[in-house]
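Commentary on secondary and tertiary structure
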Amino acid sequence: MPDILHRVGIKASTDRVYKALTTRDGLAAWWTDNTKGEGKVGGVLLFRFSAGGAEIGGFDMKVLELDPARRVLWQVVDGPAEWIGTKVIFDIKQSGDYAIVLFKHQGWKEPVEFMHHCSTKWAIYLMSLKSLVENGKGAANPNDTHVSGDGPD
């Protein structure tokens, strides 16, 4: 099964990055401003995306594992068919002044065109996470960069 993989260095402590990945306010500031739910292990986080004021979709993530300042693991329990059952993993380690985030969206059944799109969007959102933690301002949906070319994404 193919996976989406990214690595980003963030000039901050692993604690600050972990907070941005595990609090509703943090998630809403770098991924989508429409973030709801319970961020504890066993809880479900609901992420909804919009364009032009209209909701265009979203994902529900069950929190499977939280290892403070080291790891966040979610499983997709609702959303597009290609995402259901996949896992989203953020492994974090300190390297000098940088928190290194090793990102993995694991378990895609096949590398369909939607996976290519999602890989690009994950990269954009990881840069939004970097900006939030380093500079205090992310670019969460609906203020993110659009990449589809065939409508809002």
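In every chain, residue numbers begin from 1 and rise along the written sequence. Thresholds applied to this predicted model are a pLDDT of at least 70 for local features of residues and 80 or more for the giving and counting of side-chain atom pairs; totals over whole chains, interfaces and linings are not thresholded and use all residues. The basis for every side-chain value is the complete set of heavy atoms in the structure, and neither hydrogens nor water enter the calculation.

1. Considering the packing of aromatic side chains
For Phe, Tyr and Trp, where Trp contributes only its six-membered ring, two rings pair if their centres lie within 6.5 Å, and the inter-plane angle classes them as stacked under 30 degrees, edge-to-face over 60, or tilted in between. All told, the structure shown has 19 aromatic pairs when counted by the stated rule. Look at Trp-31 and Tyr-125: their rings are 6.4 Å apart centre to centre, the planes differ by 75 degrees, and that puts the pair in the edge-to-face class. Taken together, the positions of Trp-31 in the loop between helix H2 (24–30) and strand S2 (34–37) and Tyr-125 in helix H3 (residues 113–135) put the pair 94 residues apart, joining distant regions of the chain. Taking the centre distance of 5.4 Å and the plane angle of 40 degrees together, the rings of Phe-47 and Trp-74 count as tilted. Of the two residues, Phe-47 sits in strand S3 (residues 44–51) while Trp-74 sits in strand S5 (residues 71–78), which places them 27 residues apart along the sequence. Counting from the N terminus, the helices are DSSP H or I runs at least four residues long and the strands are E runs at least two residues long.

2. Notes on a nonpolar patch on the surface
Nonpolar side chains (Val, Leu, Ile, Met, Phe, Trp, Tyr) are joined into patches within 5 Å and like charges within 9 Å, using only residues with over 30% relative accessible area and no salt bridge. Residue exposure ignores everything except the shown protein chains as possible cover, and the areas themselves are Shrake-Rupley values with a 1.4 Å probe. For this document, the term salt bridge refers to a Lys or Arg side-chain nitrogen within 4 Å of an Asp or Glu carboxyl oxygen. Together, Val-44, Leu-46 and Val-77 line one region of the surface with nonpolar side chains, adding up to about 180 Å² of accessible area. Here Leu-46 is to be found in strand S3.

3. Section: the nonpolar core
We define the nonpolar core as a collection of buried residues of types Ala, Val, Leu, Ile, Met, Phe, Trp, Tyr and Cys that are connected through side-chain atoms lying within 4.5 Å of one another. Think of it in three bands: residues with accessible area under 20% of the maximum for their type are buried, residues over 50% are exposed, and the middle band is partly exposed, with areas taken using a 1.4 Å probe on protein chains only. Core analysis: the biggest nonpolar cluster contains 36 residues, and Trp-30, Trp-31, Met-61, Trp-74, Trp-83, Phe-90 and Trp-122 have the highest contact counts within it. For this core, the leading source of residues is H3, giving eight residues. Those residues in contact with Trp-30 that lie beyond four places of it in its chain are Ala-20, Leu-21, Phe-90, Trp-122, Tyr-125, Ser-128, Leu-129, Leu-132, Ala-139 and Ala-140. Only heavy atoms matter for contacts: two residues are in contact if any of them lie within 4.5 Å across the pair.

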